[in-house]
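Architecture and fold: a report
The lines below spell out each chain.
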Amino acid sequence: MMLKDMRLHGRNGQGLLSAGKPLTTVRCLFTVVCCLWSVVSNAQTVFDIISEKPAYASCNYDIYPDSIPDRLTPPPPGKRPFYISHYGRHGSRYINKRSSYEIPYKMMVQAAGVNELTATGKRVLAEMNLILADSENRWGDLTKIGRTQQQMIARRMIQRFPEVFKNSAYVSARSTIVPRCIMSMEAAMVELVQQNPRLIITMDASKSTQWYMNQQDPQLHRNELTEEAQQAYDRYIASRVGNSRLMELLFKNPEIVKELVDESFFNYYLMKMGLFQLNTHRYLDTYLTDLFTTEDLYSMWQIDNVLWYLQYGFCPLNGGDYPYSQRYLLRQIIADADSCIRLEHPGAQLRFGHETVLLPLVCLIGINGYDLQTTNLDEIEAKGWWSSSVFPMGANVQFIFYRSSPKDKDILFKVLLNEQEATLPIRTDCAPYYHWKDFRRFCFRKLDQYEKRRLKE
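Residues numbered from 1 in each chain as written. Predicted model: local features only at pLDDT ≥ 70, side-chain atom pairs only at ≥ 80, totals over all residues. Heavy atoms only, no water.

A look at the confidence of the model for the protein chain
Chain-level statistics for the protein chain give a pLDDT mean of 90 and a share of 90% at 70 or above. Note that pLDDT drops below 50 for residues 1-5; the model gives that stretch 15 contacts with residues more than four away or on any other chain. Low pLDDT, under 50, characterises residues 7-41; the predicted model gives this stretch 69 contacts beyond four residues in sequence or across chains. (pLDDT = per-residue confidence, 0-100. Contact = heavy atoms within 4.5 Å.)

Here we look at unusual backbone geometry
For the bond running from Ala431 to Pro432, omega is 5°, close enough to zero to count as cis. Relative to the helices and strands, Pro432 resides in the loop between β7 (420-421) and β8 (434-435). Despite not being glycine, Cys59 shows a phi value in the positive range, around 55°. For Cys59, the location among the structural elements is in the loop between α2 (46-52) and β1 (80-89). (Helix = DSSP H or I, 4+ residues; strand = E, 2+ residues; numbered from the N terminus.)

Considerations on the packing of helix α14 (residues 327-340) against helix α17 (residues 436-456)
Following both chains from N to C, one finds α14 and α17 inclined at 145°, their axes separated by 11 Å at the closest point. In the crossing of α14 with α17, the sense of the turn from one axis to the other is left-handed. Here α14 contributes Arg327, Leu330, Arg331, Ile334, Ala337 and Asp338 to the contact with α17, which in turn contributes Trp436, Phe439, Arg440, Cys443, Phe444, Leu447, Asp448, Tyr450, Glu451 and Arg454. Residue composition of the contact of α14 with α17, grouped by class: nine nonpolar, no polar and seven charged. (Axes fitted to C-alpha atoms, helices over the stretch in contact; angles between N-to-C directions. Left-handed = near helix turned anticlockwise from the far one by under 90°. Nonpolar A, V, L, I, M, F, W, Y, C, P; charged D, E, K, R; others polar.)

Observations regarding the pattern of salt bridges
For side chains of opposite charge, pairing can occur when their charged atoms come near one another. Under the defined criterion, the tally for this structure stands at 22 salt bridges. Put simply, Glu379 and Lys383 hold a salt bridge, and the shortest N to O gap is 3.5 Å. Looking at Glu379, the relative accessible area reads 27%, which means it is partly exposed. Connected through salt bridges with shared partners, the residues Arg98, Glu102, Lys106 and Glu136 form a single ionic network. (Salt bridge = Lys/Arg side-chain N within 4 Å of Asp/Glu carboxyl O. Buried < 20%, exposed > 50% of the residue type's maximum accessible area, 1.4 Å probe, protein only.)

Quick look at helix α6 (residues 179-195)
Every α-helix carries 3.6 residues per turn, so stepping three or four residues along brings you back to the same face. Taking 1.5 Å of rise per residue, the 17 residues of α6 would be expected to cover 24 Å, and the 24 Å separating its terminal C-alpha atoms lies within 8% of that figure. Those residues of α6 that fall on the buried side of the exposure criterion are Arg180, Cys181, Ser184, Met185, Ala187, Ala188, Met189, Glu191 and Leu192. Packed against the buried residues of α6 are α5 (144-160), β2 (170-175), β3 (200-205) and β4 (347-353). (Expected span 1.5 Å × (residues − 1).)

Let's talk about the state of the cysteines
Summed over the entire model, instances satisfying the criterion amount to zero disulfides. A disulfide-free cysteine, Cys181 has its sulfur positioned 19 Å from the sulfur of Cys363, the nearest such atom. Not part of a disulfide, Cys443 finds its nearest cysteine sulfur in Cys363, a span of 14 Å. Under the relative-accessibility criterion, Cys443 is labelled buried at 2%. (Disulfide = S-S within 2.5 Å.)

With respect to the side chain of Asp321
Mapped onto the elements of the fold, Asp321 is located in the loop between α13 (294-312) and α14. In this structure the side chain of Asp321 is engaged in a polar contact, spanning 3.0 Å, whose partner is the side chain of Arg453. In this view, Asp321 contacts Leu220, Tyr450 and Arg453; residues no more than four positions away in its chain are not counted. (Polar contact = N/O pair within 3.5 Å; in protein donor to acceptor, adjacent residues only side chain to side chain.)

Points about helix α15 (residues 355-365)
Within α15, eleven of the eleven residues are buried, which leaves it mostly tucked inside the rest of the structure. Those residues of α15 not exposed but buried are Glu355, Thr356, Val357, Leu358, Leu359, Pro360, Leu361, Val362, Cys363, Leu364 and Ile365. Residue Gly366 follows α15 closely and has a positive phi angle near 85°.

Considerations on the packing of aromatic side chains
Considering all chains together, one arrives at 28 aromatic pairs under this definition. Where Phe413 meets Trp436, the ring centres are 5.3 Å apart and the plane angle is 90°; that geometry is what we call edge-to-face. With Phe413 in strand β6 (residues 412-417) and Trp436 in helix α17, this pair connects stretches of sequence that are 23 residues apart. Residues Phe413 and Trp436 agree in their burial class; the two are buried. Counting every residue linked through ring pairs, the aromatic cluster contains Phe82, Tyr83, Phe399, Phe401, Phe413, Tyr434, Trp436 and Phe439. Here Arg123 stacks its cationic end above the ring of Tyr287, 3.7 Å away from the centre of that ring. For Arg403, the ring lying beneath its charged end belongs to Phe82, and the centroid distance is 3.8 Å. (Phe/Tyr/Trp six-rings, centres within 6.5 Å; stacked < 30°, edge-to-face > 60°. Lys NZ or Arg CZ within 6 Å of the ring centre and 35° of its normal.)

Written out as structure tokens, the structure reads:
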């Protein structure tokens, strides 16, 4: 089967510690504890996660965590947060288009038309009718759950870094022109004002900023699926598609309905339909997810995870360049930061967009090793390239900047991926904090090399 047909949505390093100033005993102990916690956390497999949280299997349809660990490494002595730069995905939404649900639905209707549904099959069809009715004319809309996610993220941001939002701090918020992103921005800003009514907030959603807020490079998209990549993908998913157990559960004579129901497509899309409902206000009522075992969900996650890597990661099978689609966004983030750190009280710059921007941005920067390059698709999962951990609904990257005073030239910052401290592929003497000048140098060198190479093509 073609790779592009297995999508519902149409189009989704460890830092090296160098020699430096000695840290305090307390900070060293804190770092050791964090490292031990990280080792324990990373020991958990994807299968383990899915067994505890089935929604993780749906990759970009996963739900943002209900709770975020309070654990944050204290900054070096004298350094205080003074500026935040952010790019976040919209919160939970309805499915983008009716056709995504109609793939399994029409198969079920056809089977019902020839009286081939079991009692379980009839119940599933009834559930599908409820889901379609609930979603009608809400395709792509932000849900109540999505709004709450954005409110909680904003609340934690101001509570964790009150220095950035004190008094009449300035907050600049921008969104893509998609309604769910605009509403996500509005929900976050309302929460910030409730936390501090003195904030000065500006909001904007304009086509004039789409060149970096939602850039989809046409040339890189043309190369996202080479023949070599398609063949590698087909080999990878060969043993992971289909579900004969599900067919026997829903249909009286599975062999007879094969002319009406494509087992691989039906299994995949019915799982997606059930898991996606976790994002809507009907999430407590869905019956569909009970049809699938952890093994079923895990196989679907593997299929999707590899697909995201092939299309949006640094996959050599497709030229290994797609993350550079976000080169304009990265340059803008750096330019905005360079401008803001000159100010005495710069506040925060918050941007609201999409997972198809966030994931390649994370790969481009190399956050948590997502700049992985491999042609062996079986290595991706083992090496920790887990897309679900990057872009659940409401996903975000926060750059938190620190200094001792407005005259301090040694600007430090750290990256939070979904509000948890992350690593970068550059050297530092104060992990998880990095020197801003080192990050700028790293990014500009990387971007300049790519752009020079592209000019020669």
